[in-house]
Amino acid sequence: MPIVGQCSLILLGLIVLTLSPPVSGRMLLVPLTAQARTVLAPAAIAHGARLVAAGPWAGSLLIEGRRDRLALPMLGHGVIAVATNRTGCGGAA
C-alpha cells in the first residue's frame, strides 16, 4: 500500500477514535434529519439517557448515558452519538 493510503488510514482511525462516544458518561446526540430532531429527546430518554443541555448544533442534545443502550437505537432514528468535551458543550472548563 502506498504511503498516502497508509496515512489516510491512520488519519481515519484517529478521527473515529476522537469522535467515538464514551462507554458511559456525557455524549452529544446529533440528529441527521428533520424527523430525527422530533424524536430525539423522547427516544434518548426511552433508552436510558439523562438530558443535560442543548447541544451546540441545531437540534442536538448533550446527554449522559450508556453507549451500548443508546448508539444503535439512536442510529435507527437518524441520530448519531459522538464524543464531547465539557468546554464544547456548555459545561465548565
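Below is a short write-up of the structure. By convention here, each chain's residues receive numbers from 1 onward along its written sequence. With the structure being a predicted model, the display of local features is reserved for residues of pLDDT at least 70 and the display and counting of side-chain atom pairs for 80 or more, all residues being used for whole-chain, interface and lining totals. Think of the side-chain values as coming from all heavy atoms in the structure, minus any hydrogens and water.

## With respect to the sheet that holds strand S4 (residues 79–82)
The line we're drawing: Criterion used throughout: strands pair if DSSP finds at least two bridges between them. The secondary structure listing takes helices from DSSP runs of H or I that are at least 4 residues long and strands from runs of E that are at least 2 residues long, numbered from the N terminus. To define axes, lines are fitted to C-alpha atoms, for helices over the stretch in contact only, and angles between the resulting N-to-C directions are given on a 0 to 180 degree scale. Whether two residues touch is decided by their heavy atoms; if any such pair falls within 4.5 Å, the residues are in contact.
Spatial ordering of the open sheet is given by S2-S3-S1-S4, a layout of four strands whose pairing is antiparallel. Across the chains shown, the open sheet's two edge strands, defined by having one partner strand only, are strand S2 (50–54) and S4. The average undirected angle you get between the axes of adjacent strands in this sheet is 35°. As paired elements, strand S1 (residues 24–31) and S4 share four bridges and run antiparallel to each other. Within S4, the residue paired with valine 30 across the bridge is isoleucine 80. Most of the contacts of helix H2 (residues 34–46) go to S1, to which it runs at about 160°, and overall it touches S1, S2, strand S3 (61–66) and S4.

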